[in-house]
Amino acid sequence: MTTLSLLKEHVEIMLPEDGLQQKLALNRPLVIKLGFDPTAPDLHLGHAVVLKKLKQFQDLGHQIVIIVGSFTAQIGDPTGKNKSRKPLGKEEVLANADTYIQQLSRVIEIHKCEVRFNGDWLDDLTFKEILQLLSTITVAQLMHRNDFNKRFTENTPIAMHELMYPILQGFDSMQIKADIEMGGTDQLFNCSMGRQMQEAHGMEAQVVMCMPLLKGLDGKEKMSKSLNNTIGLTDAPNEMFGKVMSIPDALIPEFLTLATNFTLAQIEEVKQINHPMDLKKRIARNIIEQYHDAAAAEAAEQFFVQQFQNKVFDEKNFEPVAIRDLGLIKEQMTLLELCHLLKKEETKSNIRRLISGGGVWVNNEKMMDPNQVIKVTAGTKLKLGKRLLVELVP
RNA sequence: GGGCAGGUUCCAGAGCGGCCAAAUGGGGCGGACUGUAAAUCCGCUGACUACGUCUUCACAGGUUCGAAUCCUGUCCUGCCCA
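Residues numbered from 1 in each chain as written. Chains lettered and ligands numbered in written order. Predicted model: local features only at pLDDT ≥ 70, side-chain atom pairs only at ≥ 80, totals over all residues. Heavy atoms only, no water.

- You'll find chain A entered in an unreviewed UniProt entry as Tyrosine--tRNA ligase, with Chitinophaga silvisoli given as the organism.
- The UniProt entry for chain A carries the following comment under Sequence similarities (unreviewed entry): "Belongs to the class-I aminoacyl-tRNA synthetase family." (UniProt positions renumbered as here; feature names shortened; annotations may be inferred.)

This is the structure:
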C-alpha cells in the first residue's frame, strides 16, 4: 500500500481533494494540527478515530501540534446545546489539559508532539487586530455553517461571540502555520475557516482532513461525553467488553472499520464470522487489546461469558467492598440505606425506585422492599441494576 | 427605540385560578423476553427524615382561602417596524 492510500484510508472528507498528495510532495515534515477544548477531558473511541490517523502521520515523521483551546474553551464550540458555558479557571484548564494529554498518549507519542495553548496568542489580541481579522470574513460565509444556519432559520438565538469561534480556530492555524488540520466531520466548517484565513493573509492554505464520526452506544447519535454513550479510552476492560456487546448490530461495520485496528484484510476475515454476537466479541477483544492488553481482553471475555451469558454468579465476579469503607458502621440497616452507600452518586429516591422496580438482588434473591432491614455481614452479595455486583468483605 | 409573540420539570411540548409534582412524546432507569442486539411488553422517571413533608413552571413583588395559571415591575429570547 502506498503512503498516500494508507493516509487516505477511512478519511471521509479531504479538502481540497488532492491536497494531501500536494503537501506530501513538499517532501518535508508537515505540521499537522489537532485542537481540543479543555472542557470535558475524557477521551473515547470517537476521538481515537482521529488520533489513530495522527499516529500514522507521526510514524512517517511529521510534526503533530496539539492546540489546547485555553482561550476558545470560554466560548465553547457552538453546538447550540451548551447554553451558558462558565469560563474555566486557569488551573482548571491546566488540569484538564494534563489529563487530556495523558490520555492522548494512549494512542499517539505525546513526547514527540508540540503542545500549544491558544491563549498564548489570543489573550493579547487588540480590538483593532480582531477587527482586521474579522474583515476578511463575511456573514454569509459564517451562515454556511450548518449549525448557525439551522439555528438562524429556527429562530433560536446565536450570540455574537459564538460566531467568532470558527474564526479563532482559523487564527490558530495561522499561528502555527498548519499544513493539515485534522478533525471529525463536524469540524469541517471550522477547519476550512483556517484555509480561508491563511489564504487571506498570504499563507499557503492548510489541507483539511475529516474523519468520520463514530456513533455511540445508542447507535443513533455520535459518540459524545454529554450524551453518555461513550466507550472511554480509560474504561476498565470488563466495562469495555460489556459496552461493545451492547451496541446495536447495525453498528458492527462501523466499529469494525473505525474502532478496531484490524487491517483491511483482517476485517474481511473477521466479517466471515456468522453470528453478530461472536463478531462483537471479536471487536471487543481487539479494542481491549489496543487500550489494555491481550490478557485483559481474554479475561474480560471470560468474565462476560460467565457473568452475562451463563449467568453464573461466580464469587470472583463480585467486586469486593470492605464494610468498613462504607462509612456507616451499623450491624443492620435498611436495604435502602445499604444500596445508597454502594451507589452514592444516585439520589435515594432513585435507589428506592431501583429496589421497588425489582432491580436489586441480595444473595441471589430479589428484594423489592426498600425498608427491609438486613444484616450487614461479610459475604453478603448484592446485585444492583444490570451492572453493579458487590460482595461485602470485612 | 416602537409593535407583537414567548420564557414550564433531562429535551420537545401541553396546561392558562383548585382534581398540578404538572398531559403527551422522546430520552433515561428498572423488569420480562433475548445474543447485555433489534423488535415487543410492563413499571418508574423533583427531593426527602416517604401512606406524610418539602422545593419546583425566568426573577422579584402583589391579588386571592388557594396561582404554573390573574396583576405589576425586572431580566432574557424571537419576529416585524425604525
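**Focus: the packing of aromatic side chains**
Item 1. Inspection of every chain in the model, using the stated rule, returns two aromatic pairs.
Item 2. Ring plane angle 5 degrees and centroid distance 3.5 Å describe the contact between Phe36 and Tyr100, whose orientation is recorded as stacked. Here Phe36 is found in strand E2 (residues 31-36), whereas its partner Tyr100 is found in helix H4 (residues 90-104), with 64 residues between them in sequence. Neither residue differs from the other here; Phe36 and Tyr100 are each classed as buried.
Item 3. For the pair Phe241 and Phe304, a centre-to-centre distance of 5.3 Å together with 40 degrees between the ring planes defines the contact as tilted. Linking Phe241 in helix H11 (residues 237-245) with Phe304 in helix H15 (residues 294-309), this pair joins segments that are 63 residues apart in sequence. (Phe/Tyr/Trp six-rings, centres within 6.5 Å; stacked < 30°, edge-to-face > 60°. Helix = DSSP H or I, 4+ residues; strand = E, 2+ residues; numbered from the N terminus. Buried < 20%, exposed > 50% of the residue type's maximum accessible area, 1.4 Å probe, protein only.)

**Section: the pattern of salt bridges**
Item 1. Inspection of the entire model under this criterion finds 18 salt bridges.
Item 2. Two residues, Lys280 and Asp249, come together in a salt bridge whose shortest N-O distance is 3.1 Å. Remark: Asp249 occurs in the loop between H11 and helix H12 (252-258) and Lys280 occurs in helix H14 (residues 276-291); sequence separation between them is 31 residues.
Item 3. The class of Lys280 is buried, set by a relative accessible area of 7%.
Item 4. Residue classification places Asp249 among the partly exposed positions, given a relative accessible area of 43%.
Item 5. Among the ionic pairs, Lys271 bridges to Glu268, the shortest N-O distance being 3.9 Å.
Item 6. A relative accessible area of 44% means that Glu268 is categorised as partly exposed. (Salt bridge = Lys/Arg side-chain N within 4 Å of Asp/Glu carboxyl O.)

**Remarks on the nonpolar core**
Item 1. Membership of the largest hydrophobic core comes to 60 residues, with the highest contact counts inside it found for Leu45, Ile180, Met182, Met209, Phe255 and Ile287.
Item 2. Counting 23 residues, the second largest nonpolar core, distinct from the first, contains Leu133, Met143, Ile167 and Met174. (Core = buried A, V, L, I, M, F, W, Y, C linked by side-chain atoms within 4.5 Å.)

**Details of the side chain of Thr230**
Item 1. Secondary-structure assignment places Thr230 in the loop between strand E6 (207-211) and H11.
Item 2. Excluding residues within four positions of it along the chain, Thr230 makes contact with His44, Leu217, Met223, Ser224, Lys225, Asp235 and Lys243. (Contact = heavy atoms within 4.5 Å.)

**A closer look at the layout of surface pockets**
Empty space among the atoms can be located by rolling a probe the size of a water molecule over them.
Item 1. Reported here for the second largest pocket is a volume of approximately 680 Å³.
Item 2. For the second largest pocket, the lining is made up of 22 residues, of which Asn238, Gly242, Phe308, Lys386 and Arg387 are closest to its centre.
Item 3. Elements supplying a minimum of two residues to the lining of the second largest pocket: H11, H15 and strand E13 (388-393).
Item 4. Here the lining of the second largest pocket takes six residues from H11, the largest share from any one element.
Item 5. When its residues are assigned to classes, the lining of the second largest pocket shows twelve nonpolar, five polar and five charged.
Item 6. Mapping the lining of the second largest pocket onto the domain boundaries places at least three of its residues in each of domain 2 (235-309) and domain 3 (319-393). (1 Å grid on protein atoms, 1.4 Å probe; cavity = no way out; pocket = protein on both sides within 12 Å on 5 of 7 lines; lining within 4 Å. Points joined across faces, edges and corners; volume = space filled by probe spheres on them. Nonpolar A, V, L, I, M, F, W, Y, C, P; charged D, E, K, R; others polar. Domains from an automatic or database assignment.)

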